[in-house]
Amino acid sequence: MKVVICGAGQVGYGIAERLAAEQNDVSVIDSSSKLIAAIGDQLDVRGFVGNGAHPDVLAQAGADEADMIIAVTLYDEVNMVACQVAHSLFNVPTKVARVRAQSYLQGRWRNLFARENLPIDVIISPEIEVGDMVLRRLSLPGAVETMRFADDQVVVIGVNCEEDCPVVDTPLRQLTDLFPDLGSVVVGINRGGKLFAPKSSDSMLVGDLAYVVARRDQVRRTLGIFGHEEPEATRVVIAGGGNIGLYVARALEQRQTSTRVKIIESSRERAVGIANELKRTVILHGSALDQGILEEADVETADTMITLTNDDEVNILSCVMAKKLGCKRNLSLLNNPSYPAFANALGIDAFINPRAVTISRILQHVRRGRIRGVQSLHNGAAEIIEAEALETSPLVGRPLREVDLQDGIRIGAVFRNGKVLTPNGDVQIQARDRIVIFAMANRVRQVEQMFRVSLEFF
């Protein structure tokens, strides 16, 4: 696949890194010669200095032969114009743009991105994507990661195996015998920083982070079996009243009327602005690193502290301070990809990386085959993929025990006609089934091949 990426920042670099590693033909455009030099030195991609919305720059980058353009510069307008030029002059089939300004995304303007106006096939809004992930984490506080697939009927949770975890040292094959109606499957384990797809003979150990695929109605029971029965938060303190903080607070006001929310915002002008937009949320003007402000927000009695500022250091330190003052749990936004490695050691219960969220959303449209959803794990070490089985898929028509899945691939759930099936050896995949699969990075191509349309189909 030939892909042109506009923007060599964290997101653009991350996408280029993933696509180049999979032997795609990647060109990257950025107005910063420093960023282009860095990406050219470190990745097998072609770099071009210039404005990604300019026709001559797009032409140099090979837009006339591109299968896809991904515009993720810092400027919405550049991203939108780049897609328009790619469509009008180069007839690029698939156009993806990151759009951050919420005014563009309001329902009344939904026709703006129609083919006859601004022909953008996929709009990525990091604020909305991250905001929704924060809300999912709040609804399941026992999970450190939460992902939804198959029309929200299948949930993948990341669960820490602590010393009091009842299923530690239990072979995975025995979990089915112990809980025959649970419908949950452990598909991945992160042990000591190394992620792998476990075999049925493997056991979970204390300190592991287990990725579990579960039916939506069995998620809370699954968390309880892993020793995590934390109640849903009813007192929430948010540090940072930017777009994400406002989005989360507004959603909590609408969905959970019993939840009490307080926002700490350092900008007085912004604090006044969001106070006019929110009805029941208390807005405090000040620094999230000010112990007096944290105490005024009653953080010592809060269920969850969420830090959503643009400064990772502020997010980490305010989470730590809140925990020391008595807050039960915390959730931090971390942009720097190196910080998550030691976040837990500092007392961060859970974190969200906006870069990883955006990349996962884009990969869904990059993946070949009938791919409906993708979630990248641990900086691309593995992916959770939802794919639709076609009649020509090698999975169709045979019991799963007879399917030769390579190491590094594990099926977590089968979604058929609105029902979730646990993938035991007797289950036979049918055409149109949607399969939720855990795949290590070096096995993603094999998963794509399983769900591609073959020539026999026509």
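Everything quoted here is computed from the prediction, not taken from an experiment.

Visitor: What is the right way to look at the overall build of the protein chain in this model?
Guide: Helix and strand counts for the protein chain come out as 14 helices and 22 strands. For the protein chain, the C-alpha radius of gyration of 23 Å lies close to 23 Å, the compact-globule estimate for 458 residues. Within the span of the protein chain, comprising 458 residues, buried residues form 54% of the whole. Taking all contacts inside the protein chain whose residues are at least 6 apart in sequence as the whole, residues at least 24 apart take part in 64%.

Visitor: Would you explain the UniProt feature "domain: RCK C-terminal" (unreviewed entry) in the protein chain in this entry?
Guide: What UniProt calls "domain: RCK C-terminal" (unreviewed entry) maps, in this numbering, to residues 144-228 and 372-453. Regarding residues 144-228, the helix share stands at 16% and the strand share at 35%, and the terminal C-alpha atoms are separated by 11 Å.

Visitor: Help me understand the nonpolar core, please; the structure alone is not making it clear to me.
Guide: With 49 residues, the main nonpolar core has Val-134, Ile-238, Val-248, Ile-384 and Phe-438 as its most contacted residues. Setting aside residues no more than four positions away along its own chain, Ile-384 makes contact with Met-147, Phe-149, Val-156, Val-187, Gly-373, Val-374, Gln-375, Leu-377, Val-436, Ile-437 and Phe-438. Counting 45 residues, the second-largest nonpolar core is a separate cluster that includes Val-96, Leu-363, Ile-385 and Ile-429.

Visitor: Is there a simple way to explain the sheet that holds strand E6 (residues 122-124) in this structure?
Guide: Within a beta sheet, neighbouring strands are joined by backbone hydrogen bonds and run either parallel or antiparallel to one another. Taken in spatial order, the six strands make up an open sheet running E3-E2-E1-E4-E5-E6, and their pairing is parallel. Each having just a single partner strand, strand E3 (46-49) and E6 make up the two edges of the open sheet. Looking at each pair of strands side by side, their axes are set apart by 15° on average, direction ignored. With four bridges connecting them, strand E2 (residues 25-30) and E3 associate as parallel partners. When the bridges of E3 are listed, Val-28 appears paired with Gly-47. Relative to the sheet, helix H13 (residues 354-366) contacts strand E4 (68-71), strand E5 (94-98) and E6, its axis offset from that of E6 by approximately 170°.

Visitor: I'm lost on the sheet that holds strand E19 (residues 382-388) in this one. Help?
Guide: Pairing is antiparallel in the open sheet, where five strands are placed in the order E18-E19-E22-E20-E21. The open sheet has two edge strands, strand E18 (371-377) and strand E21 (419-421), and neither has a second partner. The average angle at which neighbouring strand axes cross in this sheet is 20°, direction not considered. As judged from the seven bridges shared by E19 and strand E22 (residues 434-440), these two strands associate in the antiparallel manner.

Visitor: What is the right way to read the packing of helix H8 (residues 243-255) against helix H9 (residues 268-277) from this model?
Guide: When two helices pack together, their arrangement is given by the angle between the helix axes and the distance between those axes. The geometry of H8 relative to H9 is characterised by a closest axis approach of 11 Å and an angle of 25° between their N-to-C directions. Considering their axes alone, H8 and H9 lie roughly parallel with respect to each other. For the pair H8 and H9, the crossing hand works out as right-handed. Residue-level contacts link Asn-243, Leu-246 and Arg-250 of H8 to Arg-270, Ile-274 and Glu-277 of H9. Here the contact of H8 with H9 is composed, by residue class, of two nonpolar, one polar and three charged.

Visitor: Is there a simple way to think about the packing of helix H5 (residues 126-139) against H8 in this case?
Guide: With their axes 9 Å apart at the nearest point, H5 and H8 run at an angle of 45° to one another. Relative to H8, the element H5 lies oblique. Both H5 and H8 take part in a crossing whose hand is right-handed. On the side of H5, the interface is formed by Glu-127, Ile-128, Val-130, Gly-131, Asp-132, Val-134, Leu-135 and Leu-138, while H8 contributes Asn-243, Ile-244, Tyr-247, Val-248, Ala-251, Leu-252 and Arg-255.

Visitor: Before we go on, may I ask you to explain the pattern of salt bridges in this structure?
Guide: Any two side chains of opposite charge can pair, on the condition that their charged atoms come close. Applying the stated criterion across every chain, the model contains 21 salt bridges. With its nearest N and O atoms 2.2 Å apart, the salt bridge here joins Arg-18 to Glu-383. Separated by 365 residues along the polypeptide, Arg-18 in helix H1 (residues 10-21) and Glu-383 in strand E19 bring together distant segments of the chain. On the basis of relative accessibility, which here comes to 11%, the residue Arg-18 falls in the buried class. Connected via shared salt-bridge partners are Asp-151, Glu-386 and Arg-434.

Visitor: Please explain unusual backbone geometry as it appears in this structure.
Guide: When glycine is set aside, most residues are seen to have a negative phi, and most peptide bonds are trans. Backbone geometry at Ala-150 places phi at a positive 50°, although glycine is not the residue there. Inspection of the secondary structure assignment puts Ala-150 in the loop between strand E7 (145-149) and strand E8 (154-160). A relative accessible area of 1% means that Ala-150 is categorised as buried. One non-glycine residue with positive phi stands out, namely Asp-152, at about 70°. Structurally, Asp-152 can be placed in the loop between E7 and E8. Under the relative-accessibility criterion, Asp-152 is labelled partly exposed at 36%.

Parameters at a glance
- Residues numbered from 1 in each chain as written.
- Predicted model: local features only at pLDDT ≥ 70, side-chain atom pairs only at ≥ 80, totals over all residues.
- Heavy atoms only, no water.
- Helix = DSSP H or I, 4+ residues; strand = E, 2+ residues; numbered from the N terminus.
- Rg over C-alpha atoms; globule rule 2.2 N^0.38 Å.
- Buried < 20%, exposed > 50% of the residue type's maximum accessible area, 1.4 Å probe, protein only.
- Contact = heavy atoms within 4.5 Å.
- UniProt positions renumbered as here; feature names shortened; annotations may be inferred.
- Core = buried A, V, L, I, M, F, W, Y, C linked by side-chain atoms within 4.5 Å.
- Pairing = 2+ DSSP bridges.
- Axes fitted to C-alpha atoms, helices over the stretch in contact; angles between N-to-C directions.
- Parallel < 35°, antiparallel > 145°, perpendicular 65-115°, else oblique.
- Left-handed = near helix turned anticlockwise from the far one by under 90°.
- Nonpolar A, V, L, I, M, F, W, Y, C, P; charged D, E, K, R; others polar.
- Salt bridge = Lys/Arg side-chain N within 4 Å of Asp/Glu carboxyl O.

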